[in-house]
Amino acid sequence: MISQFNFPTKIRFGAGVVDELPAYLKENNLSKPLVVTDQNVANLPFFKQILQNLQAKGINTEVFCDIHKNPVKSDVYKGDEVYYGTHRDSIIGIGGGAAIDVARAILLRINHREDLFKYDDLIGGDVFVTNDVPHFITIPTTAGTGSEVGRSAIIADDETHQKKILFSPKLLAKIIFADPMLTMDLPPFITAATGMDALTHNMEAFLAKNWHPMCEGIALEGISLIHNSLEKAVNKPAGGVTNLESRSKMLMASLMGAVAFQKGLGVVHSLAHPLSSLLDTHHGLANAVNIPYGMKFNIAGFEDKFKRIARTLDLKDESGEAVVQYLFDLNSKINIPHRLRDIGVKSEHIETLADLAIADFAHPNNPKPVSREDFKKLYLEAL
């Protein structure tokens, strides 16, 4: 069944919905899209089939996939050159968070020609996003970041590794084709890591200090969907109705997490971002390993909120400690390690990681303040 939601933009959701893409482009007089993806997706059969379907309708595509796992500014500039050099008229972002973030940043760059980081939202750069942008379409292939429904792109500086946020309502996709069939063949590790990213978004959004009851409601439902589907999506065989159902729930929960975190994120993301920028750790994996420790840090003073999370997770013990244990247990069930040392972090990295974490944009919305010393202690605890 295919459904349509107009929140926060038009979302076409359901198995096979990506087949609507050629007709949509034709209806909107678009014939030369730049298709932005990553190198892994570019080699997958479903991606090649999407291109064939477009070409069969007379749509001339140009693929840009020269991007890092954790995107940097130079990726965006390369994509911008391809857009102009091949005379494109629109942008389609296909993939996970990295590909869609780069696609969105290229979108911004097309008609905003000053240094990319002038538009960094953290320094008020969004006020300079004044020009129109090309037509933008997103197609997620993972159930993790939810970047497809976002209005921002996270791009790191090539040299300092510090992450910047490019934000504007203009960067919201005109339409999203959310097809759970595109996630069916993801390997277990990617399903697990991206799924934990989605869970982190929902949990941190629920706990974030800003007042936004609508986002909190969305976040709790996203947590519930992940609780009932992530383990099945990771561990069940690829085919069948059960797997499609769990993949669909995960894709929806991912979308919901990205809507919910308009309220804010928190300490876990500020622990995770430096791992990606410094050590090139997969963002979802970085969140997955850090989330039990970050949630434990947040319990004191917010016991009532953790009680609501525990209820959503169907835990008999409605406590923050039970939520933390649930997260450790879930990681075990989906083969995520419990320790940073198991994903390449060494003791000599801790000081630099703490410096990057305290400079990160996410933790100011954490329900309680986080100091550099707190970050150092959390990294050491997780090491």
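Here, residues in each chain are numbered from 1, in the same order as that chain's written sequence. Where totals are concerned, whole chains, interfaces and linings use all residues; where local detail is concerned, this predicted model gives features only for residues with pLDDT of at least 70, and gives and counts side-chain atom pairs only at 80 or more. No hydrogens and no water enter the side-chain calculation; it runs on all heavy atoms of the structure.

### Some points on the overall build of the protein chain
Turning to step 1, where the next piece is worked out: Helix and strand assignments come from DSSP, with helices taken as H or I runs of at least 4 residues and strands as E runs of at least 2, each series counted from the N terminus. When helices and strands are tallied, the protein chain shows 15 helices and 9 strands.
Turning to step 2, where the next piece is worked out: With C-alpha atoms as the basis for the radius of gyration, the globule rule is written as 2.2 Å multiplied by the number of residues raised to the power 0.38. For the protein chain, whose C-alpha radius of gyration is 20 Å, the value lies close to the compact-globule estimate of 21 Å for 383 residues.
Turning to step 3, where the next piece is worked out: Burial analysis of the protein chain (383 residues in total) assigns 60% to the buried set.
Turning to step 4, where the next piece is worked out: Contact definition: two residues touch when any of their heavy atoms are within 4.5 Å. Taking as baseline every contact in the protein chain between residues at least 6 positions apart, the subset at least 24 positions apart corresponds to 77%. Exposure is judged per residue with a 1.4 Å probe applied to protein chains only, and the accessible area is read against the type maximum: over 50% gives exposed, under 20% gives buried, and values in between give partly exposed.

### So, the packing of aromatic side chains
Turning to step 1, where the next piece is worked out: In this scheme Phe, Tyr and Trp rings, the latter by its six-membered ring, pair at centre separations within 6.5 Å, and the angle between planes marks the pair as stacked below 30 degrees, edge-to-face above 60, and tilted otherwise. Under the defined criterion, the tally for this structure stands at 4 aromatic pairs.
Turning to step 2, where the next piece is worked out: When the centroid spacing of 5.9 Å and the interplanar angle of 75° are considered together, the rings of Tyr24 and Phe177 count as edge-to-face. In this pair, Tyr24 sits in helix α1 (residues 21-27) while Phe177 sits in strand β9 (residues 175-178), placing the two residues 153 residues apart along the sequence.
Turning to step 3, where the next piece is worked out: Residue classification places Phe177 among the buried positions, given a relative accessible area of 1%.
Turning to step 4, where the next piece is worked out: For the pair Tyr83 and Tyr84, a centre-to-centre distance of 6.0 Å together with 80° between the ring planes defines the contact as edge-to-face.

### Some remarks on the side chain of Thr9
Turning to step 1, where the next piece is worked out: The topology assignment puts Thr9 in the loop between β1 (3-6) and β2 (10-13).
Turning to step 2, where the next piece is worked out: Thr9 gets classed as buried once you look at its relative accessible area, which sits at 11%.
Turning to step 3, where the next piece is worked out: For Thr9, the contacting residues outside a window of four places in its chain are Leu172, Ala173, Lys174 and Ile176.

### Side note on the pairing of strand β6 (residues 135-140)
Turning to step 1, where the next piece is worked out: Of all 6 residues in β6, 6 are buried, a share of seventy percent or more.
Turning to step 2, where the next piece is worked out: Alternating positions in β6 separate into two faces, His135, Ile137 and Ile139 on one and Phe136, Thr138 and Pro140 on the other, with burial throughout.
Turning to step 3, where the next piece is worked out: Note that strand β5 (residues 90-95) and β6 share 6 bridges and pair parallel. Directly across from Ile92, in β6, lies its bridge partner Ile137.
Turning to step 4, where the next piece is worked out: Once you follow β5 into helix α5 (residues 97-110) and on to β6, the crossover reads as right-handed.
Turning to step 5, where the next piece is worked out: Here the rule is simple: two strands pair whenever DSSP picks up at least two bridges between them. Two elements, β6 and β9, share 2 bridges in a ladder whose sense is parallel. Among the inter-strand pairings, Thr138 is bridged to a residue of β9, identified as Ile176. Whether a crossover is right-handed comes down to one check: with the strands pointing away from the viewer, does the path from the first strand over the helix to the second run clockwise; if it does, it is right-handed.

### Digging into helix α10 (residues 267-279)
Note that an α-helix has 3.6 residues per turn; residues three or four places apart therefore point the same way.
Turning to step 1, where the next piece is worked out: For α10, spanning 13 residues, the distance from its first C-alpha to its last is 19 Å, which sits close to the expected 18 Å at 1.5 Å a residue.
Turning to step 2, where the next piece is worked out: Among the 13 residues that make up α10, 11 are buried, leaving the element largely enclosed by the rest of the structure.
Turning to step 3, where the next piece is worked out: On its buried face, α10 is in contact with β7 (152-156), β8 (163-167), α6 (188-207), α11 (283-298), α14 (350-358) and α15 (372-382). A helix is expected to span 1.5 Å for every residue after the first.

### Here we look at the sheet that holds β5
Backbone hydrogen bonds are what pair the strands of a sheet, in a parallel or an antiparallel way.
Turning to step 1, where the next piece is worked out: With mixed pairing, the 7 strands of this open sheet are ordered in space as β1-β2-β9-β6-β5-β3-β4. Of all strands in the sheet, those bounded by a partner on one side alone are β1 and β4 (62-64). Adjacent strand axes in the sheet meet at a mean angle of 20° when their direction is disregarded.
Turning to step 2, where the next piece is worked out: To obtain an axis, a line is fitted to C-alpha atoms, over the contacting stretch when the element is a helix, and the angle between two such axes runs from 0 to 180 degrees between their N-to-C directions. Running at roughly 170° to β4, helix α4 (residues 73-85) makes contact with β3 (33-36), β4 and β5 of the sheet.

### Focus on the pattern of salt bridges
Turning to step 1, where the next piece is worked out: Salt bridges are identified by distance alone: a Lys or Arg side-chain nitrogen within 4 Å of an Asp or Glu carboxyl oxygen. This model, assessed by the stated rule, comprises 15 salt bridges.
Turning to step 2, where the next piece is worked out: Of the charged contacts in the structure, one is a salt bridge between Lys170 and Asp132, with a shortest N-O distance of 4.0 Å. One end of the pair, Lys170, is in the loop between β8 and β9; the other, Asp132, is in the loop between α5 and β6, with 38 residues separating them in the sequence.
Turning to step 3, where the next piece is worked out: Judged by relative accessible area, Lys170 falls into the partly exposed class, the value being 32%.
Turning to step 4, where the next piece is worked out: Given a relative accessible area of 59%, Asp132 falls into the exposed group.
Turning to step 5, where the next piece is worked out: Between Glu216 and Lys305 there is a salt bridge, with its nearest N and O atoms 2.7 Å apart. Note that Glu216 is positioned in helix α7 (residues 213-227) and Lys305 in helix α12 (residues 303-312), a separation of 89 residues in sequence.

### As for α12
Turning to step 1, where the next piece is worked out: Within α12, burial applies to Lys305, Phe306, Ile309, Ala310 and Thr312. Within α12, the buried residues cover an arc of 160° as seen down the axis, which keeps them to one side.
Turning to step 2, where the next piece is worked out: The elements touched by buried residues of α12 are α6, α7, α11 and α13 (320-333).
Turning to step 3, where the next piece is worked out: Following α12 by one or two positions, Asp314 has its phi on the positive side, about 60°. Working definition: the arc comes from the directions between the helix axis and the C-beta atoms, pointing outward to the latter.

### Focus: the environment of Gly146
Turning to step 1, where the next piece is worked out: With respect to the helices, strands and loops of the structure, Gly146 is situated in the loop between β6 and β7.
Turning to step 2, where the next piece is worked out: In sequence terms Gly146 and Asn111 are 35 residues apart; their C-alpha atoms lie 25 Å from each other.
Turning to step 3, where the next piece is worked out: Leaving out residues up to four positions away in the same chain, Gly146 has contacts with Ser254 and Ala258.

### What to know about the nonpolar core
Turning to step 1, where the next piece is worked out: Membership of the largest hydrophobic core comes to 100 residues, with the highest contact counts inside it found for Ile91 and Met203.
Turning to step 2, where the next piece is worked out: The contacts of Met203, once residues within four sequence positions are left out, are Ile223, Ile291, Met295, Ile309, Leu313, Val323 and Leu327.
Turning to step 3, where the next piece is worked out: The term nonpolar core refers to a set of buried residues drawn from Ala, Val, Leu, Ile, Met, Phe, Trp, Tyr and Cys, joined through side-chain atoms within 4.5 Å. Counting residues in hydrophobic clusters, the runner-up holds 22 residues, among them Val17, Val35, Phe46 and Leu54.

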